[in-house]
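# What the coordinates show
Chain by chain, the residues:
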Amino acid sequence: MEFTEAYKQAGPCAFSPNSRFLAVAVDYRLVIRDVLTFKVVQLFSCLDKITYIEWALDSEYILCGLYRRPMIQAWSLAQPEWTCKIDEGSAGISYARWSPDSRHILTTSDFQLRLTVWSLLNTACVHVQGPKHGSKGVSFTKDGKFAAICTRRDCKDYVNLLPCHTWEIMGVFAVDTLDLADIQWSPDDSAIVIWDSPLEYKVLIYSPDGRCLSKYQAYECGLGVKSVSWSPCSQFLAVGSYDQMIRVLNHLTWKVFAEFTHLSTVRGPCGAAIFKEVDEPLQLDMSELSLSDDFVQRSADGVSETHIQVRYDVMEVPITLPSQKPPADKPNPKQGIGLMSWSSDSQYICTRNDNMPTVLWIWEVHHLELAAILIQKDPIRAAVWDPKYPRLLLCTGSTHLYMWTPSGAYCINVPFPQFSVIDLKWNLDGSCLLLKDKEFFCCAALPMLQESSDYSSDD
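Residues numbered from 1 in each chain as written. Predicted model: local features only at pLDDT ≥ 70, side-chain atom pairs only at ≥ 80, totals over all residues. Heavy atoms only, no water.

The chain has the name Transducin/WD40 repeat-like superfamily protein in an unreviewed UniProt entry, where Abeliophyllum distichum is given as its organism.

The structure is reproduced here in structure tokens:
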């Protein structure tokens, strides 16, 4: 594995959809780098600190959210002198996103008063009154032709369907939710999934014309859905719940065909490989060296941590996993499936049960079995799948990077002192991985995955 040098950052970072550029926020400056050379190709200065960035799908434009103002600024890579500024005045801006055609920007005002579609081609704008949420509740079809926008009026949730070329509402239908949480089109654009707030376990599948295809409720009288995710092939819908289980529905009957339970104790028979991160101190034989006591003491106090290596040990069952019980008197308990992500081939799904924050579970969906468990020393911050291969990378805020493939798990040293990896992002073509520290970032190029890959912690 090869790493670039570390570069300064002070905000969000994002790869362009065409995988050619990397946008990095450094306070009020937006730095655009070439992914191959990491040279700066454009530098834009915004009017305030950048808190959010998003590329247009054609990679020609990029917007910056200056939510402290609040204001949106958009820039063009092809025409650096061109700029666009959106200010909603007293209504404010809580969130902004691109439309699939890359020529419209959707903003949501504070307190969800309205959603506005701004055109970059002319001065026209379209308003949708009463959006349900700021950053959620909006989903586009994969072909970019239609948008589904959730609204609420008269204590009832609705879905508005709009074509992305005219932005005129073509259909509205009410949904059977008490407090709609979010909405997602399926990757093949054939269905829409809607789920209720955690107070009501309810998952609803609708056709694009508003017909309810299925209603799923696993249980009553308890906190319900915490995460929902379509598989890339559109054949499976995974629902993570506060009861520490994942239920996978199929796209033919919308019935549950798999249930994956996250138990604190794993017993046999179990075919999964269980990897546990352990310290591996670097042993230095200094017995034959003549050193003063002061030097030895300073060395032990100052540089001992820099020699700490880590590795994975393979554990046997039965094993008790580290877990914590959330307090019953506080809201939003750290419990249930808070992280859930599919591999690009829809064969694996990784999960984190939030009351076991240091444990990552990897499930093999086609065989309906647990493939692996990774037990980390620190809580898992992020886990991302390679866009091309069944390869998973994760970070825990330590100076190491962790990788799982079907052939095993590996610990990788980041070659920068005090570089704590707190977030990961893949370039869409899988050519490089961005590692983010609190003040710096670097990128890593991973070798092509082979069946006989032999990784080590020194790679």
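### What to know about the sheet that holds strand 25 (residues 245–250)
Strand order in this open sheet of four strands is 23-24-25-26, and the pairing throughout is antiparallel. Lying at the two open borders of the sheet, with one neighbouring strand each, are strand 23 (225–230) and strand 26 (256–261). Ignoring which end each strand starts from, the neighbouring axes of this sheet average 20 degrees apart. Judged from the five bridges that link them, strand 24 (residues 236–241) and strand 25 form a sheet pairing that is antiparallel. Note that in strand 25 the partner of L237 across the bridge is L249. (Pairing = 2+ DSSP bridges. Helix = DSSP H or I, 4+ residues; strand = E, 2+ residues; numbered from the N terminus. Axes fitted to C-alpha atoms, helices over the stretch in contact; angles between N-to-C directions.)

### Some remarks on the packing of aromatic side chains
All told, the structure shown has 22 aromatic pairs when counted by the stated rule. Arranged with centres 5.9 Å apart and planes meeting at 10 degrees, the rings of Y7 and F38 form a pair that is stacked. Highlighted residues: Y7 in strand 2 (residues 7–8) and F38 in the loop between strand 5 (29–34) and strand 6 (40–45), separated in sequence by 31 residues. Taking relative accessible area as the criterion, Y7 reaches 13% and is therefore assigned buried. Residue classification places F38 among the buried positions, given a relative accessible area of 8%. Ring centres of F21 and W55 lie 6.4 Å apart, and the angle between their planes is 15 degrees; on these two criteria the pair is classed as stacked. Here F21, found in strand 4 (residues 21–26), pairs with W55, found in strand 7 (residues 52–55); they are 34 residues apart in sequence, far enough to count as distant. When sorted by exposure, F21 lands in the same class as W55, which is buried. In this structure an aromatic cluster arises from ring pairing among Y7, F38 and F441. Here K8 stacks its cationic end above the ring of F440, 5.5 Å away from the centre of that ring. (Phe/Tyr/Trp six-rings, centres within 6.5 Å; stacked < 30°, edge-to-face > 60°. Buried < 20%, exposed > 50% of the residue type's maximum accessible area, 1.4 Å probe, protein only. Lys NZ or Arg CZ within 6 Å of the ring centre and 35° of its normal.)

### Considerations on the nonpolar core
Taken as a class, soluble globular proteins show a tendency for nonpolar side chains to be buried jointly. Membership of the largest hydrophobic core comes to 23 residues, with the highest contact counts inside it found for L321, W361 and I373. Secondary-structure elements contributing two or more residues to this core are strand 24, strand 25, strand 26, strand 31 (337–342), strand 33 (359–364) and strand 34 (369–375). The contacts of L321, once residues within four sequence positions are left out, are L263, S264, V266, M356, V359, W361, I373 and I375. (Core = buried A, V, L, I, M, F, W, Y, C linked by side-chain atoms within 4.5 Å. Contact = heavy atoms within 4.5 Å.)

### Side note on the layout of surface pockets
As a volume, the largest pocket reaches approximately 1,800 Å³. Forming the walls of the largest pocket are 42 residues, and the residues nearest its centre are L57, F140, K142, Q184 and L428. Tallying contributions element by element places strand 23 first for the lining of the largest pocket, with five residues. Looking at the lining of the largest pocket, its residues break down into 24 nonpolar, 11 polar and seven charged. (1 Å grid on protein atoms, 1.4 Å probe; cavity = no way out; pocket = protein on both sides within 12 Å on 5 of 7 lines; lining within 4 Å. Points joined across faces, edges and corners; volume = space filled by probe spheres on them. Nonpolar A, V, L, I, M, F, W, Y, C, P; charged D, E, K, R; others polar.)

### Details of the state of the cysteines
Following the criterion strictly, the structure yields zero disulfides and no others. This cysteine, C46, is not joined by any disulfide, and C64 carries the nearest cysteine sulfur, 3.9 Å off. For C46, a relative accessible area of 7% puts it in the buried group. (Disulfide = S-S within 2.5 Å.)

### Observations regarding the pattern of salt bridges
Working definition: two side chains of opposite charge can pair if their charged atoms are close together. Within this structure, the stated rule accounts for 19 salt bridges. Among the salt bridges present, the one from R247 reaches D243, with a minimum N-O distance of 2.6 Å. Judged by its relative accessible area of 6%, R247 falls in the buried class. Salt bridges sharing common partners tie together K132, R152, D157 and D179. (Salt bridge = Lys/Arg side-chain N within 4 Å of Asp/Glu carboxyl O.)

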